[in-house]
Amino acid sequence: MNILGKLKSGLVYFDGGTGSMLQSMGLLPGEQPELWNLTHPDEIIALHKSYIAAGCDIINANTFGANPLKFDGKNLPGFEKIIKAAMGNARAACCDSDGKKVYVALDIGPLGRLLKPLGTLAFEAAVNAFAKMVRIGAENGADLVLIETMNDSYETKAAVLAAKENCSLPIFVTNAYDESGKLMTGATPAAMVALLEGLGADAIGMNCGLGPRQMKKILPELIKYSSVPVIVTPNAGLPKMRGSVTVYDVDPEEFAADMAEIAKMGASILGGCCGTTPEHIRRMIEHTRGFVPAPVSKKDFTMVSSYTHAAVFDKKPLLIGERINPTGKKRFKEALRKHNLDYILNEGISQQEHGADILDVNVGLPEIDEPKMLCECIERLQGVTNLPLQIDTSDFGAMERAMRIYNGKPMVNSVNGKAESMEKIFPLVKKYGGVVVALTLDESGIPDTPKGRAKIAEKIYKTAAMYGIEKKDIVVDTLVMTVSSDKNAASTTLDTLKIIKKDFDGKTSLGVSNVSFGLPNREFINSTFFAMALASGLDAAIMNPFSQEMMKSYYSFCALSGIDERCEEYIDFASSVTVTMQENASACVEKSDGSGLKGAIIKGLKEAASEMAAELLKTKQPLEIIDGEIIPALNFVGKGFESKTLFLPQLLISAETAKSAFEVIKRSIGRQAGGKKCKVIVATVFGDIHDIGKNIVKVLLESYNFDVIDLGKDVPPEKIVKTAKEENVPLVGLSALMTTTVPAMENTIKLLREQMPECRVMVGGAVLTQEYADMMGADSYSKDAMGAVHYAEKVYNEIKKI
């Protein structure tokens, strides 16, 4: 019986912490835990056995960081050798389990680098790195793949794809949420459910970062949307220092009591992460033994997602912005031909500002490379807007490439009743996940009757089911034809829509504006037809959110139907209509909130920012531009990030955009203005190869014009101190992700205090707390990158006064 069969018989238990346990067993500061597979195999086997004795069903092989980017066979042994040894140690421990079946998970953690466009690691490079780990693990006896502690939805997708493409093992995935219930890059639990279920993960959940009490607040959202078993493996609370020893503040009894509540809430796979011990696991199992979890039920939510949130097809109809499409748009076609991506990006930003929930993306022109342009537009759009995207193309190759690199669960436009269409689109939806728009046409054309179109929809539903695609991932487009050539066109469309709702309980979408083709004053027809469609049960409309008449119909319908409680959205909309909106207007940066260079930086429009900086230099002094445009824009985005209204991708894209404007100023006037602020060293401490947090701080400090010296990752204390002395650096920023490398951070601070007592030290990282920082003697602790910027500004201002 594999692990999925085991899940049907009751609760399943993972083991607890590995790194924190190895620290208690003698792991040295900066020493890689995975090396113990080779140097201390008996201790690793003993640790596994202690968790098996505690009663767990699954032990994680000691492979969390054994990836090719870290164990490259140069400075450290190759990852293949590490994984083979780890799997051998885990299997050896299972041999002495008194007949109980114990499963071994290939444990895969983050690679330690941000993926493009936020970082430097290409998506396919990440997939390839994970794939190598999966193949070695599967070949050496893994029973399942556990992808854990992922704090970025895009890296999560890369790991899951690698697992799916390189083994047939069950795939479990847990993400690391913060106290706000979001990943580092902004994803909510609902967004991750949409993404991971679309990719075919067998169980999903959360681990690390939080204790069980904090995870209880996040769990309901996972349970609400998930149709697969939910995993919860918390830390034993928060780390604290007692002398030179790291301890956690949730003892085994308290942990077990909280985990019993978590089981009652609906989680069916339980375990522990940092700070948990065999005793934590033993007590947890005692408290939940005999508990029969509620059966995992299929949830019927139709959801698409971006890297931050899910858009759910529910009571409130969704608006799909239609303007990223060359059809009938001369300026858009010209932008595609000239590769004017800022024009395209601004169409997306403006549609979001005008109320769109999803953006349709169609870049099909015969004279351009559509697959390349489509992927580039999707990547760039996801850097400036957090709306889910609808990938709209008739080129199957372009569709696959775009679905593969999309960060989230996209809408797919479209499939139809033709056998060829279904044979090509459904395998893509099954592999990558997506909600597919189903057009009610087939080899015979578009039926003239509602029954004929509904019959095609039924065929599409049934064929999709043969590919393992549920009805909730099909949105039927009953096809809008123009009333100027067929007086029954509108009624046929609406009657078909009603059949889809009544007979199939299906979700629907329409391209509304087609109804008025060839008629004058098209908005009159469009808005009235839109209202009729909404009243008939329409779930989503591809429409122009700049159209005041369309938005009047939409907000009025929501108020009249009771969707807009207390009419708040209608009142906000009505009060904002003080001037006539321009039909088909393409809002530009200068006309949007936050105009000019400031607006371009806020929105992440690099090319526009560079051009505007150059233009401003003709009339303004460099420092006036920096202080009046660039710094206020960065402060605006920084405050949004701190208040959780903007997320890490937007923060980093804006920072990079500000840097592009800075570069224009510097090239124009040399170094006489816009000079660097004080020097700051940033480094990930010895033994830690995770440089995501450090790199984020670097980008932001550079955008605020600090002179950053990046020493990289896995940096010995001696190198940091030597560089600080040679460069006369007033501030050092240290980062650590893993509990096992925090002692190396403490050693670095101690050495700095001895040799450069005047140098300030700021620290950050997922495992740190204010108490931890205080115990180590740091001058500042930052929960996020903006906190580091604030402290660096404080240090710089103090230096200026001297």
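The structure under discussion appears in the preceding block.
Counting restarts for each chain: residues are numbered from 1 in the order of the written sequence. Where local features are concerned, this predicted model is filtered to residues with pLDDT of at least 70; where side-chain atom pairs are given and counted, the filter is 80 or more; whole-chain, interface and lining totals use all residues. Calculated side-chain values reflect all of the structure's heavy atoms, with hydrogen atoms and water omitted.

How do you make sense of the sheet that holds strand S13 (residues 318-324) when you look at a structure like this?
Hydrogen bonding along the main chain pairs the strands of a sheet, whether they run parallel or antiparallel. Pairing between two strands is assigned when DSSP locates at least 2 bridges connecting them. Helix and strand assignments come from DSSP, with helices taken as H or I runs of at least 4 residues and strands as E runs of at least 2, each series counted from the N terminus. A barrel is described by the order of its strands in space; here eight strands give the closed sequence S13-S14-S15-S16-S17-S18-S19-S20, paired in parallel fashion. Strand after strand, the sheet turns through a mean of 30° between neighbouring axes, direction not considered. Judged from the three bridges that link them, S13 and strand S14 (residues 358-361) form a sheet pairing that is parallel. In the sheet register, Ile324 faces S14, and the bridge partner there is Val361. Contacts: residue pairs with any heavy atoms within 4.5 Å of one another. Lines fitted to C-alpha atoms define the axes, with helix axes restricted to the stretch in contact, and inter-axis angles between N-to-C directions lie between 0 and 180 degrees. Along the sheet face, helix H13 (residues 341-353) touches S13 and S14 and points at about 155° away from the line of S13. Across the face of the sheet, helix H14 (residues 370-384) comes into contact with S13, S14 and strand S15 (389-392) while running at roughly 175° to S15.

Explanation requested: the packing of helix H8 (residues 189-199) against helix H9 (residues 212-225) in the structure shown.
Two measures define how a pair of helices packs: the angle their axes make with one another and the distance between the axes. For the pair H8 and H9, interaxial distance at closest approach is 9 Å and the crossing angle is 35°. The two elements H8 and H9 cross, and the hand of that crossing is right-handed. Taken together, the residues of H9 that come into contact with H8 (itself represented by Pro189, Ala190, Val193 and Glu197) are Ile218, Glu221, Leu222 and Tyr225. Polar here means any residue other than Ala, Val, Leu, Ile, Met, Phe, Trp, Tyr, Cys and Pro, which are nonpolar, and Asp, Glu, Lys and Arg, which are charged; Gly is therefore polar. Looking at the contact of H8 with H9 residue by residue, the class counts come to six nonpolar, no polar and two charged. A crossing counts as left-handed when the near helix is turned anticlockwise from the far one by less than a right angle, and as right-handed when that turn is clockwise.

In this structure, what is going on with the environment of Met466? I would like to understand it.
With respect to the helices and strands, the residue Met466 is situated in helix H17 (residues 450-466). Each C-alpha atom of the pair Met466 and Gln382 lies 32 Å from the other, and the pair is 84 residues apart in sequence.

Whenever I open this one, the pairing of strand S17 (residues 435-439) confuses me. Can you help?
Moving residue by residue along a regular strand, the side chains alternate between the two faces of the sheet. Burial runs high along S17: five of the five residues are buried. Burial along S17 is two-sided: Val435, Val437 and Leu439 facing one way and Val436 and Ala438 facing the other are all buried. Here strand S16 (residues 411-416) pairs with S17 via five bridges, running parallel. Paired with Val412 across the bridge in S17 is Val436. When the strands point away from the viewer, a crossover counts as right-handed if the path from the first strand over the helix to the second runs clockwise. For the segment spanning S16, helix H16 (residues 419-432) and S17, crossover handedness is right-handed. Pairing of S17 with strand S18 (residues 474-477) involves four bridges; the strand directions are parallel. Throughout, exposure labels follow a simple rule: accessible area from a 1.4 Å probe, protein chains only, divided by the maximum for the residue type, with under 20% read as buried, over 50% as exposed, and the rest as partly exposed.

Please explain the pairing of strand S21 (residues 679-684) as it appears in this structure.
Counting buried positions along S21 yields five of six residues, so the element is predominantly enclosed. Alignment of S21 against strand S22 (residues 707-710), held across four bridges, turns out to be parallel. Residue pairing across strands places Val680 opposite Val708, the latter belonging to S22. Remark: the S21/helix H26 (residues 692-703)/S22 crossover connection has right-handed handedness. Here five bridges tie S21 to strand S23 (residues 731-735), and the two strands are oriented parallel to one another. In the strand pairing of S23, Thr684 is matched with Ser735.

Would you explain the pattern of salt bridges in this entry?
Any two side chains of opposite charge can pair, on the condition that their charged atoms come close. Salt bridges are identified by distance alone: a Lys or Arg side-chain nitrogen within 4 Å of an Asp or Glu carboxyl oxygen. Summed over all chains, the structure comprises 45 salt bridges. Residues Arg380 and Asp342 are paired through a salt bridge, measuring 3.9 Å at the closest nitrogen-oxygen approach. Residue Arg380 is found in helix H14, and its partner Asp342 is found in helix H13; the two are separated by 38 residues along the sequence. Of the charged contacts, one joins Glu607 and Arg380 as a salt bridge, the two residues approaching to 3.3 Å between their closest N and O atoms. Highlighted residues: Glu607 in helix H23 (residues 606-616) and Arg380 in helix H14, separated in sequence by 227 residues. The exposure class assigned to Glu607 is partly exposed, which follows from its relative accessible area of 37%. Arg380 sits in the partly exposed class, given a relative accessible area of 24%. Where salt bridges share partners, they join Arg213, Lys216, Glu254, Asp258 and Glu261 into one cluster.

What am I meant to see in empty space enclosed by the protein here?
Gaps left between atoms are located by rolling a probe of water-molecule size over the structure's atoms. Lining residues are those with an atom within 4 Å of a point, where the points come from a 1 Å grid over the protein atoms alone and group into cavities, where a 1.4 Å probe fits but cannot get out, or pockets, open sets with protein on both sides within 12 Å along at least five of seven lines. Grid points are joined across faces, edges and corners, and a volume is the space filled by probe spheres set on the points. This structure, assessed with the given rule, holds one cavity of 30 Å³ or more. Approximately 170 Å³ is the volume attributed to the largest cavity. Lining the largest cavity are 14 residues, with Lys116, Pro117, Leu118, Tyr154 and Asn407 sitting closest to its centre. When residues of the lining of the largest cavity are assigned to their parent elements, the largest contribution, three residues, is made by H14. Classifying every residue of the lining of the largest cavity by side-chain character gives seven nonpolar, four polar and three charged.

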